[in-house]
Amino acid sequence: MKTIFKVLILLLISSTFSNAELLNPNSTIKPKEVIKIQLNGLQKNDSKFKDSGIEQTWNFAHPNNKRVTGPLSKFKMMLKSDSYGMMINHLSHTITELGSSDKWAQFEVIILDKNKIYHKFNWQVEKYTSEGTLKDCWLTTMVSSPIPLGSSI
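Residues numbered from 1 in each chain as written. Predicted model: local features only at pLDDT ≥ 70, side-chain atom pairs only at ≥ 80, totals over all residues. Heavy atoms only, no water.

Hey, could you run me through the overall build of the chain in this one?
Along the backbone of the chain there are 5 helices and 5 strands. Reading the secondary structure of the chain in the N-to-C direction produces α-α-α-α-α-β-β-β-β-β. Of all 153 residues assigned to the chain, the portion counted as buried reaches 39%. Of the roughly 9,000 Å² that the chain leaves accessible, carbon and sulfur atoms contribute 58%. (Helix = DSSP H or I, 4+ residues; strand = E, 2+ residues; numbered from the N terminus. Buried < 20%, exposed > 50% of the residue type's maximum accessible area, 1.4 Å probe, protein only. Areas by Shrake-Rupley, 256 points an atom, 1.4 Å probe, with all protein chains shown as cover.)

Just to check I follow, could you spell out unusual backbone geometry for this structure?
Leaving glycine aside, a negative phi is the common case for residues, and trans is the common case for peptide bonds. Following Gly70, the chain continues to Pro71 via a peptide bond in cis, the omega torsion being 5 degrees. Residue position: Pro71 is located in the loop between helix 4 (63-69) and helix 5 (72-80). The phi angle at Lys116 is positive, at roughly 65 degrees, despite the residue not being glycine. Even without being glycine, Asp136 reaches a positive phi, approximately 70 degrees. For Asp136, the location among the structural elements is in the loop between strand 3 (117-127) and strand 4 (138-143). Classification of Asp136 by relative accessible area gives partly exposed; the value is 33%.

Right under this line is the structure:
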């Protein structure tokens, strides 16, 4: 019985540490870095724990975006759907700034999916201006539907 209890405690502790490994928004993270954090998480979706990449992406979603795409369980289903599933475990990505101000930034993101097909997205982040823990953090407000660009071969 003591062995089972010890195993359960270890599992609980490791689960807590795994969730703690995810990055959270802070005002020092630049707009392009927000997108890098999200894409790196999606590229290795299950590396820390199941769907850790999706949860990492969710951490940097703007509250207005979360209201539309959430709760987290709905967001996970959306990212695993045919519409955005190519983001999960993709092979590579590039991020190119299209324009910015002191309150928003827009980027072109090109993803090479695991089937070696390129997809283009418009990805927008905005600085959160309301009071609270997210004040002055850059957060994702919009990701367009993907535009297939064809095969890499």
